[in-house]
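# Structural overview for review
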Amino acid sequence: MSMDFNMIGPVLPLALSSIGSCIGCGIAGMASHAVMSRVEEGHGKFIGMSAAASSQSIYGFILMLMMQRAILAGSLSPVSAIGIGFASGLAFMFSAIYQGKTAATGIQASAKQPAIFGKCFAALGIIESFALFTFVFTLILL
């Protein structure tokens, strides 16, 4: 029985991005729960902000599929896929974690000053852009 390690690389961006999204959404979700216990309205917007870090999992999933196709087509070696998958997965993971931390502070700040809620999304968008850059540039590599 031979071991086939060809799909280790493709699973890395999905696994690492999902870990990061879980941590990021967890951090922001905890802040959301704390704030919802103190304010009477606007709970939906806090929940929405706490979900921002989930998008990195989507990038990891799509990248996994694209890397799998590239390996099966012979245009990407399994060893290269491990390096690409690990590096991109780490970028997604850290982006999701820090997006969750930033969402948590945005939730807390907008509970005190509701008028700044929309402005808090600017920092989330900046952090998201790093995951998006990684996603696009990795697709170019493939």
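My aim in this report is to walk through the structure given alongside it, one point at a time. (Residues numbered from 1 in each chain as written. Predicted model: local features only at pLDDT ≥ 70, side-chain atom pairs only at ≥ 80, totals over all residues. Heavy atoms only, no water.)

Helix and strand counts for the protein come out as 5 helices and 0 strands. When its helices and strands are written in sequence order, the protein yields α-α-α-α-α. Seen along its three principal axes, the alpha-carbon backbone of the protein occupies a region of about 60 × 30 × 15 Å. Relative to its 142 residues, the protein shows a buried fraction of 40%. For the protein, the share of sequence-separated contacts (at least 6 apart) that also reach a separation of at least 24 residues comes to 85%. For the protein, the computed accessible surface area is about 7600 Å², with 72% contributed by carbon and sulfur atoms. In the protein, 6 side chains carry a positive charge and 4 a negative one; their mean positions are 10 Å apart. (Helix = DSSP H or I, 4+ residues; strand = E, 2+ residues; numbered from the N terminus. Buried < 20%, exposed > 50% of the residue type's maximum accessible area, 1.4 Å probe, protein only. Contact = heavy atoms within 4.5 Å. Areas by Shrake-Rupley, 256 points an atom, 1.4 Å probe, with all protein chains shown as cover. Lys, Arg positive; Asp, Glu negative; His and termini not counted. Charge placed at Lys NZ, Arg CZ, Asp CG, Glu CD.)

Within the secondary structure, T102 is located in helix α4 (residues 78-112). Residue class for T102 comes out partly exposed when judged on its relative accessible area of 22%. Residues T102 and A52 lie 50 residues apart in sequence; the distance between their C-alpha atoms is 10.0 Å. Not counting chain neighbours up to four residues away, the residues in contact with T102 comprise A123, L124 and I127.

Taken together, the buried positions of helix α2 (residues 43-50) are F46, M49 and S50. Along the long axis of α2, the arc covered by the buried residues comes to 100°, so they all point the same way. Looking at the packing, one finds that the buried side of α2 touches α1 (8-36), α4 and α5 (117-141). (Arc of directions from axis to C-beta.)

Take it as geometry only, folks, not as evidence of what the structure does.
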